[in-house]
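Next come the chains, spelled out residue by residue.
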Amino acid sequence: MKVLVAVKRVIDYNVKIRVKADKSDVDLTNVKMAMNPFCEIAVEEAVRLKEKGVATEVVAVTIGPKAAQEQLRTALALGADRAIHVETDERVDSLGAAKALAKLVAQEQPGLVLLGKQAIDSDNNQTGQMLAALTDLPQGTFASEVSVDGEKLKVIREIDGGLQTVELSLPAIVTTDLRLNDPRYAKLPDIMKAKKKPLDIMSPADLGVEMASKVSLVSVEPPAERQGGVKVASVDELVDKLKNEAKVL
């Protein structure tokens with residue numbers, strides 16, 4: 001079974017985000033970029049399926065600028081067999097990404113497609129669901145456990161009320177949640193080997209997809225500054241502050 005894994009280049013989650021002076025976008029100058037954490041979980045799950053003998057090939061794919069090849073090489077170092085880069089400098093929204101991935105699914109015919117449930121930059125949680133709709137494949141979102149049994153896939157999903165178990169027919173789409181696994185670190189020998197693994201580059205035009213976003217970014221605002229807390233001497237003072245200063249009573 002071939003597993004297709006989508007990954008995204010985002011600002012490293014340890015970096016403090018800065019907004020441009022004109023508030024037109026996030027400032028990426030000299031900012032460390034990394035693979036989206038949920039995508040790391042998807043790659044790890046694909047590699048584990050291969051190690052169990054369930055998957056025969058893991059293909060990593062990303063849609064983005066030339067620099068995004070760095071994240072594909074990371075995926076290759078973590079255990080993916082080959083990579084596909086749909087290179088574009090356009091701002092890629094969820095629907096554009098889903099359309100490109102749908103074309104790749106049609107070309108590659110994977111038995112399973114894994115994606116992170118959301119990216120930590122746009123935080124939309126849409127691409128996996130849109131991809132399932134475009135490909136007319138069953139989907140299991142927010143997966144905290146995945147197991148393959150023949151032509152069936154069991155996914156334990158995290159929902160508001162607890163856990164839900166669904167059984168899907170393969171091929172299928174799965175989006176990964178935090179508790180699915182703990183991603184491994186790439187070892188130096190694997191990083192060196194990754195440089196020799198195949199990485200195919202194509203354009204959105206090669207797939208017959210228009211990547212221009214239908215969503216316009218109007219402005220980016222930093223979060224409001226939080227004021228320091230204060231200690232109160234009594235319940236009466238607390239109630240007074242809540243009523244007259246915070247205006248919540």
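What counts and how
Residues numbered from 1 in each chain as written. Predicted model: local features only at pLDDT ≥ 70, side-chain atom pairs only at ≥ 80, totals over all residues. Heavy atoms only, no water. Core = buried A, V, L, I, M, F, W, Y, C linked by side-chain atoms within 4.5 Å. Buried < 20%, exposed > 50% of the residue type's maximum accessible area, 1.4 Å probe, protein only. Helix = DSSP H or I, 4+ residues; strand = E, 2+ residues; numbered from the N terminus. Pairing = 2+ DSSP bridges. Right-handed = clockwise from strand over helix to strand, strands pointing away.

Undergrad: Give a detailed account of the nonpolar core, specifying residues and quantitative values.
TA: One finds V5, V43, L112, L114, L153 and V174 to be the most contacted residues of the largest nonpolar core, which totals 34 residues. Put simply, the parts of the chain that give this core at least two residues each are β1 (2-6), α1 (37-51), β4 (57-64), α2 (69-78), β6 (112-116), β7 (139-149), β8 (152-159) and β10 (172-176). Element by element, the count of residues in this core is highest for α1, at seven residues. Within the second largest apolar cluster, 24 residues are counted, among which are L4, A6, L137 and M211.

Undergrad: Which residues make up the pairing of strand β5 (residues 82-87), and what values do they have?
TA: A large share of β5 lies buried, amounting to five of its six residues. Across six bridges, β4 lies against β5 in parallel orientation. Residue pairing in the sheet places V59 in a bridge with R82 of β5. Following the chain from β4 across α2 to the adjacent parallel β5, one finds a crossover that is right-handed. As defined by bridge partners, β5 adjoins strand β11 (residues 199-202) across four bridges and the pair is classed as parallel. Looking at β11, one finds that I84 is bridged to D200.

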